[in-house]
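# Working through the structure, step by step
Given next are the chains, with one letter for each unit.
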Amino acid sequence: MLWLDPEEVTLTTPGGVIALAGVTAVAVDRRTTRSAIEWSDDGPHVVFADAAEQRTTIRVVRRIDVGETGIASQVAPGLAATLSVRVAPARSDVGGRSVTSEVVVLSAEHDLSAKSGIEQTIVMVAVSSDGGMDPITEVEL
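These numbers come from a predicted model, not from an experiment. (Residues numbered from 1 in each chain as written. Predicted model: local features only at pLDDT ≥ 70, side-chain atom pairs only at ≥ 80, totals over all residues. Heavy atoms only, no water.)

Before going further, it helps to examine the overall build of the chain. A count of helical and extended segments in the chain gives one helix and nine strands. Tracing the chain from N to C terminus, the helices and strands come up as β-β-β-β-β-α-β-β-β-β. A globule of 141 residues ought to have a C-alpha radius of gyration of about 14 Å, yet the chain, at 18 Å, is considerably larger. Based on the C-alpha atoms only, the size of the chain along its principal axes is roughly 65 × 35 × 35 Å. Burial statistics for the chain: of 141 residues in total, 30% are counted as buried. Put simply, of all contacts in the chain between residues at least 6 apart along the chain, 60% involve residues at least 24 apart. In the form shown here, the chain has an accessible surface area of approximately 8800 Å², with 52% of it arising from carbon and sulfur atoms. In the chain, 11 positive and 20 negative side-chain charges are present, and the distance between their average locations comes to 6 Å. (Helix = DSSP H or I, 4+ residues; strand = E, 2+ residues; numbered from the N terminus. Rg over C-alpha atoms; globule rule 2.2 N^0.38 Å. Buried < 20%, exposed > 50% of the residue type's maximum accessible area, 1.4 Å probe, protein only. Contact = heavy atoms within 4.5 Å. Areas by Shrake-Rupley, 256 points an atom, 1.4 Å probe, with all protein chains shown as cover. Lys, Arg positive; Asp, Glu negative; His and termini not counted. Charge placed at Lys NZ, Arg CZ, Asp CG, Glu CD.)

This is the structure:
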């Protein structure tokens, strides 16, 4: 899943809400961390495959204004929060979606370039409530 220029992105922690301004992209990547793959004696092709363990990683990319203070230091590895992303094809709620997930921040890195200014990439792992439920909840507005 990929959302470009979402309307609103927040991290809700026990200490309050962190509004992430200037978000240009939110990407959800899913990858297996342990797979089960089996072959038979009848030929060279796989006859069974399963993704026994999965990891859902969320990347938030945003531009930081020069005068911004506070947010960069609040978002640090180990921060547990509820990520909320609101997206819509236009500036109305028609066709919009609200996406939420419990997350833990793995990294918050910055890149400085003359072309794009200061860019922050926050990488989070999505946490399932029980291990069986999808950690991403998506609701139409």
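Turning our attention to the nonpolar core. Core analysis: the biggest nonpolar cluster contains 23 residues, and Leu11, Leu20, Val26, Ile58, Val60, Leu83 and Met124 have the highest contact counts within it. Ranked by the residues each element gives to this core, the list is headed by strand β6 (residues 80-87), at four residues. Once residues within four sequence positions are removed from consideration, Met124 is found in contact with Leu11, Thr56, Thr57, Ile58, Val60, Leu83, Val103, Val104, Val105 and Leu106. (Core = buried A, V, L, I, M, F, W, Y, C linked by side-chain atoms within 4.5 Å.)

The subject of this paragraph is the pairing of strand β4 (residues 23-39). Taken residue by residue, a regular strand's side chains alternate between the two faces of the sheet. Relative to β4, strand β1 (residues 2-4) is paired through three bridges, and the arrangement is antiparallel. In the sheet register, Leu4 faces β4, and the bridge partner there is Ala25. With 15 bridges joining them, β4 and strand β5 (residues 46-64) adopt antiparallel strand pairing. Of the residues in β5, the one forming a bridge with Ala27 is Arg59. Between β4 and β5, which pair antiparallel and follow one another directly, the connecting turn spans six residues. (Pairing = 2+ DSSP bridges.)

What follows concerns the pattern of salt bridges. Side chains bearing opposite charge may pair, as long as their charged atoms lie close to each other. This model, assessed by the stated rule, comprises six salt bridges. Residue Arg97 pairs with Glu138 through a salt bridge whose shortest N-O separation is 2.8 Å. Here Glu138 lies in strand β9 (residues 137-140) and Arg97 lies in strand β7 (residues 97-113), a separation of 41 residues in the sequence. Overall, Arg97 belongs to the partly exposed group, its relative accessible area being 29%. (Salt bridge = Lys/Arg side-chain N within 4 Å of Asp/Glu carboxyl O.)

In this section: the environment of Val47. Within the fold, Val47 resides in strand β5. Placed ten residues apart in sequence, Val47 and Ile37 show a C-alpha to C-alpha distance of 7.9 Å. In this structure, Val47 is in contact with Glu38, Trp39 and Ser40, ignoring residues within four places of it in sequence.

Attention now moves to the side chain of Ser101. Following the sequence through the fold, Ser101 ends up in strand β7. A polar side-chain atom of Ser101 sits 2.9 Å from the main-chain carbonyl oxygen of Pro135. Apart from residues lying up to four places away in sequence, Ser101 is in contact with Ile58, Ala81, Thr82, Leu83, Ala126, Val127, Pro135 and Ile136. (Polar contact = N/O pair within 3.5 Å; in protein donor to acceptor, adjacent residues only side chain to side chain.)

The phi torsion at Asp5 lies on the positive side, around 50°, for a residue other than glycine. Note that Asp5 resides in the loop between β1 and β2 (8-13).

In this section: the side chain of Gln120. Mapped onto the fold, Gln120 is located in strand β8 (residues 117-127). Judged by its relative accessible area of 0%, Gln120 is buried. Of the polar contacts made by the side chain of Gln120, one reaches the side chain of Arg62; its length is 2.7 Å. For Gln120, the side chain forms a polar contact with the side chain of His110, separated by 3.3 Å.

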